[in-house]
Structure formats: C-alpha cells, structure tokens
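What follows is each chain in one-letter form.
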Amino acid sequence: MKLIKLLLKILILTMVGCTSNKSIDTNREQDIDNLISSMTLKEKMNLLHASGSFQSGGIERLGIEGLIMSDGPHGIRHENGNDYVKDSIDTDSVTYLPTGITLSSTWNKELGEEFGKVLGAEAKARGKDIILGPGVNIIRSPLCGRNFEYLSEDPHLSAKMGVGYIKGVQSQGVSACVKHYVANNQEVNRGTVNVNVDEQTLREIYLPAFKAAIEEANAYSIMGAYNRFRSEFCSHNDYLVNEILRKEMGFDGLMISDWGAVHDTKQALENGTDIEMGTDLKMDIIDYNKFYLADSAIAMVENGLIDEALVDDKVRRILKLVFKIRDFKRTEEAKTNLPQHQQVALQVAEEGIVLLKNEEILPLRKASIKKILVVGDNATRKHAEEGGSSQVKALYEVTPLQGLNNYLGDDVSIDYAQGYIPTLENKANEQLILEALNKAELADVVIYVGGWIHNIGDMWKGKAYDCEAGDKANIDLLFGQQELINRLAEVNGNLVVTIVGGSNVSMSGWMDNAKAILHAWYPGMEGGTALSNILFGEVCPSGKLPMTFADSHEEYPAHVIGEFPGENDEVTYNEGILVGYRYFDTKHIEPVFPFGFGLSYTTFSFQDLQLNKNQDNIRLNFILENTGSIDGAEVVQVYVHKKDTKVNRATKELKAFDKIKLTANSKQQVNMQIPISDLQYFSNESNRWELEPGEYEILVGNSSRDIFLKGTIAL
Ligand code: BGC
C-alpha cells in the first residue's frame with residue numbers, strides 16, 4: 001500500500017515538474033497552477049486551516065507539508081504537542097531576546113535587523129517556516145497587557161524598527177508574520193470588541209507599521225487581529241484585507257488569522273483569510289474539519305455559493321510561501337544559541353535600558369564601594385517563560401542580581417533582600433520591608449529592582465499585568481513597592497531604582513527620593529549583565545523612551561475621553577491622531593518623561609542646521625558633537641511642525657531618527673532626509689493624502705521636548 005502511494009506521488013510530482021525535495025522555483029507560477037489543478041477541493045481546503053497548534057495542513061499525496069509556525073516576537077517558543085502543553089524535551093531552549101519595546105528603545109535600526117536575524121536563524125534551526133512577529137500594534141494606553149511585545153506609541157518608530165526586524169528574519173529564509181492587523185490595542189475583550197477609528201487616524205497612526213512591513217520589508221505574512229474593526233472581524237474584514245492590504249498595498253503574501261479569530265466561513269473565504277489558525281482548547285479531540293475554512297467551506301463551494309477560484313487564490317499564495325521558504329538556500333547551517341546571538345541580546349539590552357534620572361550617582365565606581373544591597377523581587381525573577389504566547393524557554397537568563405554578582409565578583413560584597421512579594425492581595429509585607437531596611441542601613445548603595453511582572457498564577461483568569469488576555473487596572477506600583485522605596489530612601493540616600501516592565505509606572509509618589517532611575521523593560525537573557533554594565537559605566541546608556549511616561553493612565557488621551565477599553569464591546573478612538581506625545585505636546589500637558597527621552601553619561605551638542613530640498617526630499621545636515629569625556633551614542637530625532645496649519649494635525653510628528661555613536665570629544669556631520677510625501681496628512685474630506693502648502697518647521701533634538709535646532713522650509 002505504502003509503495004503504491006509512493007509511486008503515485010512520484011508520478012504526480014514528475015507530471016508537474018517537481019519533487020517534494022527539489023521544490024518549485026518561486027517564479028514558476030505555471031508549476032504552482034499545475035499543482036493546484038491536480039488537487040481535489042478537499043486537498044485544497046486542507047491547506048487553509050490548522051492541522052496542529054502551530055501547523056497548517058498539508059497534502060501528503062503531493063508531498064506538500066503544512067507550514068510550521070512559532071511564536072513569538074522575542075524568541076522561538078518551546079516545542080509543544082497539539083494541545084499547547086510544553087513537550088518535556090531539552091533541545092528547545094533558545095536565545096531569549098529583549099522584548100519588542102526594549103528593541104525600539106534602542107532606536108537603532110541596524111540592531112533591529114540583527115535582532116531579526118537571530119530570530120530567523122533560530123526559527124530555521126528549529127524547523128519553523130513562520131515566526132509570529134513582530135507585534136507592531138500602537139501603544140495607545142500604558143495599560144495594554146501586551147505593550148511589552150509592541151514597539152511604540154509612534155507610527156514612524158514602529159515602522160522603522162519593524163522593517164529592520166522583518167528584513168532580518170526573512171534574510172534567514174523564514175517568514176515574519178506581522179501582527180496584529182489592526183487596531184488590537186487592548187487585551188480586555190480583544191476577541192469581541194468593535195473598534196471604530198476614523199480614516200485619518202487609521203491611516204496616520206495605526207496602519208503605517210503594516211504598510212512599511214509590506215512595502216519596505218516585503219513581509220511574507222500578516223496576522224489578522226482578534227477584534228472587530230468597523231463591525232467586521234479583522235481576519236476577514238473586506239475593507240482592511242481586500243481593499244487596503246491587497247488592492248492598495250499590493251500585498252500578495254499570506255493573511256493568517258490569529259488563533260481562533262475566524263468567525264464566519266463566507267467572510268473568511270471572500271475577505272482574504274488564507275489560513276485559519278487556532279485550537280479550541282475546550283475540545284478533547286480537536287476536529288480541524290470543523291474549522292470555518294474546512295468542511296463548511298467545501299460545502300459552500302460545492303453548492304455554488306462560493307467560486308472555487310477564491311480557494312485557488314489562497315492556495316496559490318500558500319504554495320508561493322511554501323516554496324519560497326523551502327527553496328531558500330543557506331550559506332551556513334542555522335543554529336540556536338550561538339554566542340553571537342547572546343551578544344545581540346546583550347547589545348539590545350544595553351542600548352535599550354533607559355536612564356531617566358541621575359543625580360550624580362551613576363556610574364557607580366567599583367573602587368569606592370564596599371557593600372551593595374540589592375532589593376526587589378525583580379532582581380532575582382526570571383521572566384522568559386511568562387507573558388502568554390510570547391513565552392520563551394531561555395537557555396539561561398541572567399537576572400539583575402546575578403549580573404551584579406558576575407560583574408563584581410569578590411571585589412564588593414553584595415547582599416540581597418526581596419523587599420516585597422508579588423501576591424494577588426497586592427499589599428506590602430512589613431517583615432520583608434524591615435529586613436530590607438536593616439540591611440540598607442549598612443550598605444554604601446542600594447540598588448532596587450522592581451516594577452511589573454508578566455503574570456501571577458493563571459493569566460487566563462485575569463491574574464496578569466504585562467501579559468496577554470488582560471490589561472492593567474492602573475500604573476501604580478504593586479505589592480507595596482512605593483512604600484518600600486520611600487522607606488529605603490529614608491535609611492539610605494544612595495538609592496538607585498530600576499523598573500522592569502512593559503510600560504511605565506506612576507512615579508510622583510517616590511521619584512524625588514531616588515537618586516537615579518532606570519527603566520529596563522524586559523531586557524532578555526542578558527538583562528542582568530546589561531544592567532550592571534550600565535550601572536558601573538562599562539556601557540554609556542543610550543536608550544530613549546518609545547512612549548510617553550505620564551504619572552497616571554488617566555492622563556493618556558484614550559482614558560481622558562473615556563474610551564479604554566470601551567463599553568458594551570464598542571470602543572471609539574475619539575482621541576483621533578492625538579496618541580502619545582502627539583497629544584501631550586499638542587495640548588501642552590507636561591509628562592513625567594517625554595517621548596524620545598533618555599539620559600547619557602556624556603553630553604552632546606547639536607549645531608549648524610542646514611536645510612535644503614529637492615523634488616522629493618527635505619535634506620538636513622548638522623553637526624553633532626560628543627562634548628563629554630566618555631564615548632557614547634545619541635539618538636538624533638527630527639520632528640516636523642506645520643506652521644499655521646488649517647487641518648487636524650499634531651503640533652509635532654517624528655519623521656526621521658538615527659543613532660550616532662561618537663567617541664569622547666569628537667564631532668560628526670549628520671545627514672538625514674525626509675521624503676516630502678511623509679509630510680502629507682490624510683484628509684477625511686477628500687479621503688486621500690494631501691500636502692498642505694506653507695511653512696514647515698524642522699525640529700532637531702533628543703526628545704519630543706528637547707529640541708536644539710530649528711529651521712523652516714516652505715513647500
Ligand atoms: C496571540 C498571537 C499568537 C497566537 C499563537 C494568540 O493568542 O494573540 O499573538 O501568535 O496566539 O500563539
């Protein structure tokens with residue numbers, strides 16, 4: 001029987017000019033068409049839905065294997081069976097990279113590409129065809145549970161960092177899957193909520209990262225979000241997929257649904273879903289034939305309700321990707337856990353950790369310190385395996401305490417006090433506080449490491465903070481941390497506070513008592529090494545905030561207007577384009593730390609801005625000087641302000657940035673350019689992009705509120 005099957009397979013494959021090992025050349029569309037015409041409807045449909053937790057269906061008779069996918073944005077997920085249960089094998093540990101928001105905090109586009117290469121190579125080594133990332137959803141509120149995976153509140157920064165990541169992944173012969181398309185900006189009710197966004201806001205804020213992914217990075221696949229958009233589910237939304245993705249952006253890659261995000265067979269067939277993924281955990285035995293793009297879809301075609309050509313289009317797109325991936329020739333064998341991968345993890349953490357405050361305490365000098373006290377649960381907690389679908393089985397994870405121990409060795413004595421315990425009761429622990437205070441009295445310096453955690457216990461039951469399936473209630477420090485910090489400061493003035501977390505915490509209640517504050521995000525497997533390198537001046541900090549830090553979530557526009565997370569499953573983004581600093585700057589509201597902000601151990605000066613333009617671009621150049629005595633890097637940020645605008649426009653919009661490394665006391669001419677088309681706004685009246693004539697101010701600085709050079713250009 002087996003032999004007959006094999007002979008049949010060879011026969012068919014020879015007919016269409018390929019074998020399963022020597023697959024079809026991507027450009028040989030005719031071959032793909034021949035292959036499609038040799039398939040039964042049932043076989044075609046097999047390709048269109050999951051056949052496992054992370055695998056789409058294949059066609060055994062034709063030697064076509066399904067696509068193998070893996071989360072997630074910052075490391076390849078552990079292997080698992082068909083039921084999300086982790087396999088207990090010891091060969092699936094990988095590089096745990098810093099999470100998405102840490103990556104964008106570096107503002108280093110090249111590093112974005114290196115990050116993607118690590119992911120792509122490790123995905124390849126683990127036999128994956130598609131990596132489910134990057135997550136490019138805009139940070140609309142600091143409460144969103146998945147902000148730690150996302151990139152920024154700003155569309156330009158999200159787009160540019162996303163492009164690097166995607167190019168890096170795909171350079172390794174693995175497809176990126178850019179998620180979650182679109183307007184998936186909260187976790188509460190993510191599976192049902194209907195998001196209403198006006199056209200200008202959609203185009204200017206929520207779409208650019210996806211557009212850049214397709215047009216600049218040639219992303220091979222996109223994941224449709226769980227939520228609805230203007231009443232239709234995103235994974236099969238006629239406007240979003242057929243009109244915008246396919247027609248306008250010319251996307252010919254795969255539209256893969258989020259897991260369980262398909263809700264209607266006809267819509268999925270007609271409105272663009274290519275592969276329906278998901279696993280119904282409630283079913284003991286998963287019957288993939290019951291998926292929307294399975295038996296019911298076959299019936300629709302057979303009954304003449306749907307043209308089979310629609311199915312063929314999907315199959316064609318799938319086969320193109322299958323062959324693109326399987327044909328890919330590597331120059332060297334892909335491997336996991338290479339030292340250079342860990343080096344990328346380290347560099348991203350070192351460049352992504354943001355120094356927010358420093359009253360002449362950092363960098364610490366090893367020689368003048370005898371005793372350090374490290375306080376806080378996050379100094380010893382590992383985060384890799386938490387957070388939902390983005391969990392990673394890290395080969396190792398250097399915690400902040402380990403990082404300090406490794407760095408200081410026996411030269412300095414290090415003591416540790418936990419200080420607080422993450423519990424659902426969310427309260428201070430007096431005994432732990434007293435222990436920390438007693439030890440703090442004896443230390444030269446106290447290094448506090450606290451902030452958020454991903455989840456406590458069962459994330460699906462709402463016991464989550466920086467995690468899928470839930471949003472935070474507010475941004476107050478949990479578990480009595482504020483009280484702990486303030487009491488520590490009373491007994492030891494040399495207090496350095498490091499906050500770990502996917503977004504900010506409220507700081508007004510304690511920040512004056514800390515001599516230095518760092519925001520470390522989730523810095524990955526080398527996070528502890530990176531942190532000690534920064535604390536002790538081995539590395540000069542250069543991370544900049546990819547989101548505005550205000551003191552309370554209530555200050556952010558979505559909350560000011562009462563539209564987060566919405567009511568009765570409806571949320572309307574009435575703040576429009578005024579998201580993040582666009583809102584704070586336009587409305588003159590002082591944040592605690594502005595977008596783009598981050599301190600350094602050295603100082604930079606910006607001089608001599610020259611502007612000119614040609615047909616397509618505004619070109620600018622200026623001198624950047626490292627005026628301090630140590631080597632460092634500055635992120636130069638270019639914002640544009642339209643003078644006397646008559647249209648709905650934020651007072652400042654980021655249009656270009658670059659990270660420049662400069663040795664001490666040296667200077668460099670920086671050349672940048674902004675495509676004039678990027679200065680257009682999307683008009684709700686004419687329903688197209690328009691360029692408003694008049695004067696544009698070009699603002700150069702190192703945060704949205706620290707502008708050092710200004711020039712005007714008339715368009
Ligand atoms: C998440 C996706 C993820 C998928 C597969 C979903 O719940 O929203 O981001 O890729 O699961 O794990």
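Since the model is a prediction, treat every value here as computed from it, not as a measurement. (Residues numbered from 1 in each chain as written. Predicted model: local features only at pLDDT ≥ 70, side-chain atom pairs only at ≥ 80, totals over all residues. Heavy atoms only, no water.)

### Looking at the packing of aromatic side chains
Throughout the structure, instances matching the rule amount to 22 aromatic pairs. Ring geometry for F593 against F597: centres 5.4 Å apart, planes inclined by 20 degrees, an arrangement best described as stacked. Both residues of the pair, F593 and F597, belong to the buried class. Among the aromatic residues, those joined into a cluster by ring pairs are W107, Y581, F595, Y639 and F657. Its end group placed over the ring of Y220, K324 keeps NZ or CZ at 4.3 Å from the ring centre. When the ring centre of Y407 is taken as origin, the NZ or CZ atom of K366, which lies over that ring, is 4.9 Å away. (Phe/Tyr/Trp six-rings, centres within 6.5 Å; stacked < 30°, edge-to-face > 60°. Buried < 20%, exposed > 50% of the residue type's maximum accessible area, 1.4 Å probe, protein only. Lys NZ or Arg CZ within 6 Å of the ring centre and 35° of its normal.)

### Comments concerning the packing of helix α2 (residues 29–37) against helix α12 (residues 308–327)
Remark: α2 packs on α12, axes separated minimally by 10 Å, with the N-to-C direction vectors making an angle of 125 degrees. What the angle tells us is that α2 and α12 run oblique. Between α2 and α12 lies a crossing whose hand is right-handed. Along the contact surface, α2 presents E29, I32, D33, L35 and I36, while α12 presents D312, V315, R316, L319, K320 and F323. In the contact of α2 with α12, the residues fall into six nonpolar, no polar and five charged. (Axes fitted to C-alpha atoms, helices over the stretch in contact; angles between N-to-C directions. Helix = DSSP H or I, 4+ residues; strand = E, 2+ residues; numbered from the N terminus. Parallel < 35°, antiparallel > 145°, perpendicular 65-115°, else oblique. Left-handed = near helix turned anticlockwise from the far one by under 90°. Contact = heavy atoms within 4.5 Å. Nonpolar A, V, L, I, M, F, W, Y, C, P; charged D, E, K, R; others polar.)

### So, helix α8 (residues 208–215)
Within α8 the residues assigned to the buried category are A209, F210, A212, A213 and I214. Elements that come into contact with the buried residues of α8 comprise α6 (155–170), β5 (175–181), α7 (199–206), β7 (221–224) and α9 (238–248).

### Points about the sheet that holds strand β20 (residues 632–642)
Reading across from one edge, β21-β20-β25-β26 is the order of the four strands in this open sheet, with antiparallel pairing throughout. Single-partner strands in this sheet number two, and they are β21 (653–662) and β26 (706–714). Looking at each pair of strands side by side, their axes are set apart by 20 degrees on average, direction ignored. Of the strand pairs in this sheet, β20 and β21 are connected by nine bridges, and their pairing is antiparallel. Along β21, the bridge assignment pairs G632 with L662. (Pairing = 2+ DSSP bridges.)

### Structural notes on the sheet that holds strand β16 (residues 516–521)
The mixed open sheet is built from six strands, whose spatial order is β11-β16-β15-β14-β12-β13. Since the sheet does not close on itself, it has two edges, and those belong to β11 (354–358) and β13 (413–417), each with one partner. Between one strand and the next, the sheet's axes are offset by a mean angle of 20 degrees, whatever the strand orientation. With four bridges connecting them, β11 and β16 associate as antiparallel partners. Residue pairing for β16: L355 is matched across the bridge by L518. Set on the sheet, helix α16 (residues 481–491) makes contact with β12 (371–375), β14 (445–451) and β15 (495–500); between it and β14 the angle comes to about 170 degrees.

### A look at the site of the ligand
Among the 14 residues in the neighbourhood of the ligand, the closest are listed as D71, R146, H180, D258 and E468. Taking R77, its side chain carries an N or O atom lying 3.2 Å from an oxygen atom of the ligand. Within the side chain of D258, a nitrogen or oxygen atom sits 2.7 Å from an oxygen atom of the ligand. Grouping the amino acids of the shell around the ligand by side-chain chemistry returns five nonpolar, two polar and seven charged. (Near = heavy atom within 4 Å. Polar contact = N/O pair within 3.5 Å; in protein donor to acceptor, adjacent residues only side chain to side chain.)

### Points about the side chain of N533
By the element assignment, N533 lies in helix α17 (residues 527–535). N533 sits in the buried class, given a relative accessible area of 13%. Of the polar contacts made by the side chain of N533, one reaches the side chain of E350; its length is 2.8 Å. Not counting residues up to four positions away in its chain, the partners in contact with N533 are L346, E350, Y407, E538 and V539.

### Here we look at the packing of α7 against α9
The N-to-C vectors of α7 and α9 enclose an angle of 55 degrees; their axes lie 15 Å apart at closest approach. One finds that α7 runs oblique with respect to α9. Note that α7 runs across α9; the crossing there is right-handed. Residues E199, L202 and R203 of α7 form the contact with α9, whose own contacting residues are Y239, I244 and E248. For the contact of α7 with α9, the residue count by class is three nonpolar, no polar and three charged.

### Focus: the pattern of salt bridges
Within the structure shown, the criterion is met by 47 salt bridges. The closest approach of N and O atoms between R146 and E468, which form a salt bridge, is 3.8 Å. Note that R146 is positioned in the loop between β4 (130–131) and α6 and E468 in the loop between β14 and α16, a separation of 322 residues in sequence. Overall, R146 belongs to the buried group, its relative accessible area being 1%. Residue E468 is classed as buried on the basis of its relative accessible area, which comes to 6%. For K357, the salt bridge identified is with E359, shortest N-O distance 3.8 Å. (Salt bridge = Lys/Arg side-chain N within 4 Å of Asp/Glu carboxyl O.)

### A closer look at the state of the cysteines
Any covalent bond linking the sulfur atoms of two cysteines counts as a disulfide. Enumeration according to the criterion identifies zero disulfides in this entry. The cysteine C177 is free of any disulfide, with C234 supplying the nearest cysteine sulfur at 14 Å. Unpaired in this structure, C467 has its nearest cysteine sulfur neighbour in C144, at a distance of 11 Å. You can call C467 buried: its relative accessible area is 0%. (Disulfide = S-S within 2.5 Å.)

### Details of the side chain of R126
Along the polypeptide, R126 turns up in the loop between α5 (109–125) and β4. A distance of 3.3 Å separates the side chain of R126 from the backbone oxygen of D92, its partner in a polar contact.

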